[in-house]
Amino acid sequence: MKFPEGIAAQPAALATSLGSLKLPSYEGGLIALVGIGASEYAAQGAASAWRSTGLPAVAIPASAPPLDAAVTLLISESGRSAEVLAYKPSSRTIALTNFPGSPLAAAADELILLNSGPDSPVYTTGYTATLQALGALGDHWTAAASAGVSAPASTAAASNGAGSFGSGFDWTSLPALVSAALVAPLGAASAYLDEARVVDVVASGVSVATAGEGGLLLRESGRLHTAVHETRNYLHGPMEILDQQTTCVLIGDGREVQLAYDVLEYGTKVVLITTADVEPADNLAVIKLPEASNGLARAVVEMVVVQRLGWEVAQRRGLKVDGFRHRQSDTKVS
Ligand SMILES: O=P(O)(O)OC[C@H]1O[C@](O)(CO)[C@@H](O)[C@@H]1O
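- In the annotation of an unreviewed UniProt entry, the entry for the protein reads Glutamine--fructose-6-phosphate aminotransferase [isomerizing], and the organism field reads Kribbella ginsengisoli.
- Here the protein is described in UniProt, under the heading Catalytic activity (unreviewed entry), as follows: "D-fructose 6-phosphate + L-glutamine = D-glucosamine 6-phosphate + L-glutamate".

Structural data, given as structure tokens:
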């Protein structure tokens with residue numbers, strides 16, 4: 001599937017994936033979320049979201065030594081990333097992948113199958129379906145943990161007949177939010193990115209997933225030099241280098257809004273991805289997000305906007321975004 005087709009396919013892919021999700025049980029204890037690249041960023045967003053609802057969860061890079069958590073989610077859309085396959089904790093493992101015949105599906109104790117259909121080489125459908133699956137799983141496990149009971153294995157259809165798994169967020173509403181994000185005006189954003197020598201991508205909380213995957217995807221698609229920062233960390237020194245050749249992509253409604261006006265003072269151009277109502281300013285492109293009341297659902301919506309920016313920049317630069325130049329012989333197991 002080509003990159004722009006993958007972007008456009010997401011409302012349908014998310015609906016299909018949600019409809020077939022089978023969620024495993026949880027009996028308490030530390031949860032490790034492990035991945036690399038896009039899947040590590042999804043793990044970071046999910047760990048942040050899950051901890052905020054009381055689940056003890058940590059994101060671990062697949063390249064790190066294994067941590068013995070009660071349960072380890074091994075996240076890999078392809079199910080073929082060498083580092084994820086090499087991560088071998090001694091306790092229960094659950095693979096989250098789009099490929100039931102993959103090495104990862106065979107290696108793990110249990111399987112969550114995304115069933116999100118074809119993906120583009122620079123991930124689109126698989127990444128957002130991963131966030132959705134982690135959102136539904138977190139809701140399912142949180143509801144049981146806060147009631148002091150074990151979460152049984154469940155399915156989307158078995159949960160309550162709709163798309164809610166205990167948080168009140170109805171995941172069947174997500175495709176419509178994504179459709180709205182697919183037509184949200186982008187203004188001068190891609191011009192600001194195309195002109196930049198360096199692009200800083202900054203966010204906090206669950207949206208660290210969007211900063212991480214956004215920074216990666218803008219490199220893979222628009223071939224932009226990006227650097228990824230967590231908002232509070234950014235304020236502690238990394239922004240000292242900002243100048244007229246930098247563009248900041250700021251994602252969020254909180255400190256990120258003030259940060260946008262602060263960095264404009266340095267001549268830096270800003271793309272602000274937010275649900276907040278903000279005052280227009282020179283060199284500021286505001287992309288207004290549809291509201292999503294769940295952090296991981298919002299991360300999906302944010303990422304769709306960043307994908308569109310990546311594609312607009314690629315088109316400006318005459319790039320096809322149809323694969324990787326660097327061979328993947330040692331990073332993907334066949
Ligand atoms: O989720 P997977 O399939 O393990 O992929 C992880 C990463 O590997 C890549 O496919 C590159 O090898 C990235 O695009 C992706 O983010």
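## Points about the layout of surface pockets
Here is step 1 of the chain: Approximately 830 Å³ is the volume found for the largest pocket.
Here is step 2 of the chain: Lining the largest pocket we find 30 residues, and of these Leu216, Glu220, Phe324, Gln328 and Lys332 sit closest to its centre.
Here is step 3 of the chain: Across the lining of the largest pocket, the residue classes break down as 10 nonpolar, 9 polar and 11 charged.
Here is step 4 of the chain: Three or more residues apiece are contributed to the lining of the largest pocket by two domains, here domain 1 (3-172) and domain 2 (184-316).
Here is step 5 of the chain: There is about 180 Å³ of room inside the second largest pocket.
Here is step 6 of the chain: For the lining of the second largest pocket, the elements supplying multiple residues, two or more each, are α2 (38-52), α5 (125-146) and α12 (295-316).
Here is step 7 of the chain: Looking at which element gives the most residues to the lining of the second largest pocket, the answer is α5, with 5 residues.

## Details of α5
Here is step 1 of the chain: For α5, with 22 residues, the first-to-last C-alpha span of 31 Å sits near the 32 Å given by 1.5 Å per residue.
Here is step 2 of the chain: Here α5 lies mainly inside the structure; 19 of its 22 residues are buried.
Here is step 3 of the chain: The positive-phi residue at the C-terminal boundary of α5 is Gly148, with phi of around 75°.

## As for the UniProt feature "domain: SIS" (unreviewed entry) in the protein
Here is step 1 of the chain: UniProt's entry tags residues 14-152 with the feature "domain: SIS" (unreviewed entry), counted in the numbering of this structure.
Here is step 2 of the chain: Structurally, residues 14-152 comprises 39% helix and 19% strand, and the distance from its first C-alpha atom to its last is 23 Å.

## Comments concerning empty space enclosed by the protein
Empty space among the atoms becomes apparent when a probe as large as a water molecule is rolled across them.
Here is step 1 of the chain: Taken as a whole, this structure holds 1 cavity of 30 Å³ or more when the rule is applied.
Here is step 2 of the chain: As a volume, the largest cavity reaches approximately 40 Å³.
Here is step 3 of the chain: Considering the residues around the largest cavity, the lining is formed by Ala38, Ser39, Ala42, Glu77, Tyr123, Gly126, Tyr127 and Thr130.
Here is step 4 of the chain: When contributions to the lining of the largest cavity are tallied by element, the ones reaching two or more residues are α2 and α5.
Here is step 5 of the chain: Residues that form the lining of the largest cavity fall into these classes: 4 nonpolar, 3 polar and 1 charged.

Criteria and cut-off values
Residues numbered from 1 in each chain as written. Predicted model: local features only at pLDDT ≥ 70, side-chain atom pairs only at ≥ 80, totals over all residues. Heavy atoms only, no water. UniProt positions renumbered as here; feature names shortened; annotations may be inferred. 1 Å grid on protein atoms, 1.4 Å probe; cavity = no way out; pocket = protein on both sides within 12 Å on 5 of 7 lines; lining within 4 Å. Points joined across faces, edges and corners; volume = space filled by probe spheres on them. Nonpolar A, V, L, I, M, F, W, Y, C, P; charged D, E, K, R; others polar. Domains from an automatic or database assignment. Helix = DSSP H or I, 4+ residues; strand = E, 2+ residues; numbered from the N terminus. Expected span 1.5 Å × (residues − 1). Buried < 20%, exposed > 50% of the residue type's maximum accessible area, 1.4 Å probe, protein only.

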